[in-house]
Amino acid sequence: MISFAWLIPLFPLLSFLVLILSGKKLKTVSGYLASLLTGISFIFTLGVIADLRSVTEYEATWTWLTIGTTDIQAGVWLNPLNGLMLFIVSFVSLLVHIYSLGYMGENDRRATYFAYLGLFTFAMLGLVMSPNLIQFYMFWELVGLGSFLLIGFYLYKESAKRAARKAFIMTRIGDAGLLVGLILIFWQTGSLSFTEIFQAVEQNEFAPGMVTLTAILLFIGAVGKSGQFPLHTWLPDAMEGPTPVSALIHAATMVAAGVYLVAAAYPLFLASEWALMIVAVIGAFTAIFAATIGLVQDDLKRVLAYSTVSQLGYMMLALGAGGYVAGMFHLTTHAFFKALLFLAAGSVILALRKQNIKEIAGEGRHLAITKWGFLAGTLAISGFPLLSGSFSKEAIFAALLEDGQYGLLGVALLTAFLTSVYMFRLYFMVFHGKGADKPPKSVPVSMKIPVIILAALAVISGFFATGFADWLAAEQEYAVLHHSPTWLIFLATLLSLGGIVFAYFIYVRKQMDREEWKTTFSSTYTILYHKYFIDEFYQNTIIYSTRAISYLMYYTERYVVETIAAFAAGMVKEIGKTGSRLQNGRVQTYGTVALLGLAVIVLIFVVRGGYF
Amino acid sequence: MSSVPAQGYLILALILFCIGLFGALTKRNTIIVLISIELMLNAVNLNLVAFSKYGINPNMTGQVFSLFSITIAAAEAAVGIAILLSLYRNRRTVHIDEMDTLKH
Amino acid sequence: MNGEIIAFALLSAASVLGALAMLYVSKVVHMLLSLVLTFFSLAGIYVLLSAEFVAVVQVLIYSGAVSIMMIFGIMLTKHKDQENRPPNIKRSLITGAGIIVFFAAVYGAIRKVPFGEQTPNLHEANTEQIGIKIFSYYVIPFEVVSVVLLAALVGAILLARKEGDDQS
């Protein structure tokens, strides 16, 4: 089975090609076709994973390009980490496809939508199977393209176009870092293959300081893709896309790509104390930073988006603190419960036609399955005992404790508390309240099934922690699952439950008046509500200065360059015109031209005393 | 015995040549163009004869060559006039500006 | 100042005058006649250069044959007898500039060229000397020139003949 692994990304590609070329004719069956192909891809993935238990590592490459003495390879690379990512990507993608059958309903452009989903899935599957950084980079950019197309899917909406552009440009900043890192790595090692890079790291082939530098540059790429501070602002805006896309981007694919990059290049990071430190600090800061913003946002999807940013910060924090297994485990559980939350939120939005939680005000309580699914996801993300999130978070805390990062541990614990507060605020405001009592639109079955499956996984996946560690440990010796002391488990649980109770008192029992809080801490509230004014900061600094430079360039181009160009073109044109006028067929004209030529030659001869 | 310097003949030839050239390039009447060309040939003949007397190695060859040249010039004039007549019959003009079939 | 110089001055003035008149008179026949003056003056200059035979040939061929031929040309074609359109000033200026550059360059060259002053006796039995030269050294060119003349003759007749004469 494993030798057919290269087929896995090709099915979504096939789906993309078929739908983009003949989507208009296949309108009604387009979704089923795309789901079927993604399903085949998922089945292949399962087969590959079954093989991976015995093989552990598999690499099949062929030479793609030969430049000088360097061969650039293309192919597939499979190890437990890739297998895990393949599973998450193809599984969530399949569920999103099924969910989209209902969600996109009778949308006229659904064939295009499914085509884009196929392209996106293809890119992501190709990305996690890349054996070298150059192939990785290509798929990485394809992922960016896919996300751009999907976020901007509602292309008649100005905000969607803007968001798509923003996502594309913000991630591009990170990509530039990745590209520079990639070139530096090639310069240092002469190879871009992951395995060869790791060997080079082991044998200290890097120049001093270069390991840190390349690791940080790769991390900049990950920062862009995974929405870490300071390049996080595109992620909440990406909510303009259809909700299943948000689930796909936020849970399984695009944002996971950054974390995957750090995990895949982990030996490089391990070799540099500083790089790890930076990863951890950025992760921790992003986690708490996004969590505080999430506390006050009013848009259902936006809160989820900030929780994603925060959880991604957790993953980075875990990786930076040496908690490789913890980070990847959190990525896995997060994939399940965040996909669940988004899909449930999508059901709410589709049924109620609104997504501001103040307007919803509890109207979601009539959607039974959605409500229970959302509750499961919320409990999981809040770290409620025995649900998946509690296990993965506890692993992260343990890793931090092991690493001796007590400050970061404090931040992480505080974030855990905040997470449960804002998630339950969201839950209570959507599903508990006295909003209008009209029965909402029913939700199609195809949207309920993925929610149920994901809810089940969000609840139980935490119990596989040990097996998960063993699975990853088969390949990498640094894959160790840390176990935390009892007091830490107790503390984490307490914080999580405390957050839930806190939210309950504010938002259900209304023990504290929210409006009063707003006035008391008005400045804090304003800052949080405006997301620390990061967008405004970018607008006023980078965008304006860029715009100023652009205008300068524009006018330079318009008045200086174009004048020169017009002059050059005009000169050539005039010469041509003169030339064509000379060809008038009259002997005397020709004779005159010949005479002038003679005169010039004679003149040169006289002046220079010879021919030049 | 002081005689006319050789340069005098050469400069006269040069002046005539230039006038002939100017006429050949600017006159509109084809016959005048032809005759201007004859004038240029004459200037060249004058050079040949002058060199036959004042050259580095003066001898009769220059005069002989000028005779040949005059012969060829006469033949050229005859053929030129014949072409002119033929053209005139076809185009009804001797105006050289209207003879622009080289363009086509 | 001797006779030779005076003769040269007069003859060269006449030839340049004739050439310039060719440029500036308006009637075609007048142009031709002014050029005949130039041809005659050149014949005189040939005499000064001890080339009596060439001078006679010049008078016969140029002043006689070529001029007559040109007159026939003028007669056989239709003219309004003068240039009816104003001359092309722009082209005249451009051509004149080119010619002046050419003139200046060649003039400079002529001034620098050294010449021998030696005068062999070309004028003694000039025609005999030419005859000896032609029929001893230049027999083949002489014959070739006769072939060229024949070809020119045939060509001229062929070209000048009325079209459609083939049948007759």
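In this text, all values refer to a predicted model and were calculated from it rather than measured experimentally. (Residues numbered from 1 in each chain as written. Chains lettered and ligands numbered in written order. Predicted model: local features only at pLDDT ≥ 70, side-chain atom pairs only at ≥ 80, totals over all residues. Heavy atoms only, no water.)

**With respect to the overall build of chain A**
Which entries qualify depends on this criterion: Each helix is a run of H or I in the DSSP string that is no shorter than four residues. Each strand is a run of E no shorter than two, and both are numbered from the N terminus. Each residue's exposure class comes from its accessible area (1.4 Å probe, protein chains only) as a fraction of the maximum for that residue type: buried when under 20%, exposed when over 50%, partly exposed otherwise. Throughout, a contact is declared for two residues whenever any of their heavy atoms are within 4.5 Å. Per-residue accessibility takes into account occlusion by the displayed protein chains alone, with areas from the Shrake-Rupley method and a 1.4 Å probe.
Assigned secondary structure in chain A consists of 26 helices and two strands. Counting every position in chain A, which comprises 612 residues, the buried fraction comes to 56%. If you take every contact in chain A between residues at least 6 apart in sequence, the share linking residues at least 24 apart comes to 79%. Accessible surface for chain A amounts to roughly 25200 Å². Of this, 68% is attributable to carbon and sulfur atoms.

**A look at the overall build of chain C**
In terms of helices and strands, chain C carries six helices and zero strands. In chain C, the succession of helices and strands from N to C terminus is α-α-α-α-α-α. Across the 168 residues of chain C, 35% fall into the buried class. Partitioning the intrachain contacts of chain C with sequence separation of at least 6 by distance along the chain shows that 57% fall at a separation of at least 24. Taken as a whole, chain C presents about 9800 Å² of accessible surface, with 71% of it coming from carbon and sulfur.

**Looking at the pattern of salt bridges**
Opposite charge on two side chains permits pairing when their charged atoms draw close. Residues and elements named next belong to chain A. Rules: Any carboxyl oxygen of Asp or Glu within 4 Å of a side-chain nitrogen of Lys or Arg constitutes a salt bridge here.
As enumerated under the stated definition, the model contains six salt bridges over all chains in all. Put simply, Glu141 and Arg172 hold a salt bridge, and the shortest N to O gap is 2.3 Å. Of the two residues, Glu141 is situated in helix α5 (residues 133-151) and Arg172 in helix α6 (residues 158-189); the sequence distance between them amounts to 31 residues. In this structure, the salt-bridge partner of Asp237 is Arg302, at a minimum N-O distance of 3.6 Å.

**A closer look at the interface of chain A and chain B**
What counts here: A simple way to read buried area is as the amount of 1.4 Å-probe accessible surface that goes missing from two parts once joined, with both sides added.
Contacts between the two partners involve 10 residues from chain A, matched on the other side by 14 residues from chain B. Counting the surface lost from both chain A and chain B, the interface buries some 870 Å², and carbon and sulfur atoms represent 58% of this. Contact with chain B buries surface across chain A, with A:Gly585, A:Arg586 and A:Gln588 losing the most and accounting together for 58% of the total.

**Quick word on the environment of C:Ala14**
Residues and elements named next belong to chain C. Of note, Ala14 is situated in helix α1 (residues 3-24). Relative accessible area serves as the criterion here: at 22%, Ala14 is assigned to the partly exposed category. Residues contacting Ala14, with those up to four places away along its chain left out, are Leu37 and Ser41.

**Looking at the interface of chain C and chain B**
Size of an interface, as often reported, equals the accessible area lost when the parts are brought together. Spelled out, the test is: By the criterion applied in these results, polar contacts are pairs of N or O atoms within 3.5 Å in which, for protein atoms, one can donate a hydrogen and the other can accept it, and in which residues neighboring in sequence qualify only through two side-chain atoms. Throughout, the ten residues Ala, Val, Leu, Ile, Met, Phe, Trp, Tyr, Cys and Pro are labelled nonpolar, Asp, Glu, Lys and Arg are labelled charged, and all others, Gly among them, are labelled polar.
Listed per partner, the contact involves 82 residues of chain C and 75 residues of chain B. Taken together, chain C and chain B are joined by zero salt bridges. The interface formed by chain C and chain B holds seven residue pairs in polar contact (both at pLDDT 80 or more) in total. Of all the secondary-structure elements, those providing two or more residues to the side of chain C that touches chain B are α1, α2 (28-48), α3 (52-76), α4 (89-112), α5 (126-136) and α6 (139-160) of chain C. Here the side of chain C that touches chain B gets 12 residues from one element, more than from any other, and that element is α3(C). Looking at side-chain class alone, the side of chain C that touches chain B contains 53 nonpolar, 18 polar and 11 charged residues.

**Here's the deal with the side chain of C:Ser63**
All names here are of chain C. With respect to the secondary-structure elements, Ser63 resides in helix α3. For Ser63, a relative accessible area of 11% translates into the label buried. If we skip the residues at most four places from it in the chain, Ser63 touches Val36, Phe39, Phe40 and Gln58.

**A look at the UniProt feature "transmembrane region" (unreviewed entry) in chain C**
Heads up, the rule is: UniProt positions are given in the numbering used here, feature names are shortened, and annotations may be inferred rather than shown by experiment.
As recorded in UniProt, the sites labelled "transmembrane region" (unreviewed entry) are residues 6-25, 32-49, 55-77, 89-110 and 135-160 of chain C. Counted over residues 89-110 of chain C, helix gives 100% and strand 0%. Its end C-alpha atoms are 30 Å apart.

**Remarks on helix α1 (residues 10-22) of chain A**
Residues and elements named next belong to chain A. The cut-off we apply is this: In a helix, the anticipated span is given by 1.5 Å times the number of residues less one. Read the arc as the range of directions from the helix axis to the C-beta atoms.
Between its first and last C-alpha, α1 extends 18 Å over 13 residues, near the 18 Å set by a 1.5 Å rise per residue. Among the residues of α1, those classed as buried are Phe11, Pro12, Ser15, Phe16 and Leu19. Along the axis of α1, the buried positions cluster into a sector of 145°, meaning they face one direction only.

**Overview of the packing of aromatic side chains**
Aromatic ring pairs are reported here in terms of the distance separating the ring centres and the angle at which the planes meet. This is how it is decided: Stacked, tilted and edge-to-face are the three classes assigned to paired rings of Phe, Tyr and Trp, where Trp is represented by its six-membered ring and a pair needs centres within 6.5 Å; plane angles under 30 degrees give stacked, over 60 edge-to-face, the rest tilted.
Overall, the coordinates contain 33 aromatic pairs over all chains when judged by the stated rule. Ring plane angle 80° and centroid distance 5.9 Å describe the contact between B:Phe65 and C:Tyr138, whose orientation is recorded as edge-to-face. Note that B:Phe65 is positioned in helix α3 (residues 61-91) and C:Tyr138 in the loop between α5 and α6, a pairing that runs across two chains. Three or more aromatic residues link up through ring pairs in this structure, and these residues are A:Tyr113, A:Phe114, A:Phe153, A:Tyr154 and A:Tyr156.

**Side note on the nonpolar core**
Counted only if it meets this: Buried Ala, Val, Leu, Ile, Met, Phe, Trp, Tyr and Cys residues that are joined via side-chain atoms within 4.5 Å together make up what is termed a nonpolar core.
Residues A:Leu127, A:Phe269 and A:Met328 are the most contacted members of the largest nonpolar core, which totals 178 residues. Considering each element in turn, this core owes the most residues, 20 residues, to helix α15 (residues 324-352) of chain A. Excluding residues within four positions of it along the chain, A:Leu127 makes contact with A:Phe136, A:Phe139, A:Trp140, A:Val143, A:Ala257 and A:Tyr260. Grouped together as the second largest cluster of nonpolar side chains are 73 residues, B:Tyr9, B:Ala24, C:Leu42 and C:Ile99 included.

**Structural notes on the side chain of C:Lys133**
What counts, and what does not: As used throughout, the charge tally considers Lys and Arg to be positive and Asp and Glu to be negative, leaving His and the chain termini uncounted.
Along the chain, C:Lys133 falls in helix α5. Buried charge without a salt bridge: C:Lys133, with C:Glu128 as the nearest opposite-charge side chain at an N-O distance of 13 Å.

**Regarding unusual backbone geometry**
Positive phi outside glycine occurs at C:Ser50, with the angle close to 60°. Position of C:Ser50 relative to the elements: it lies in the loop between α2 and α3.

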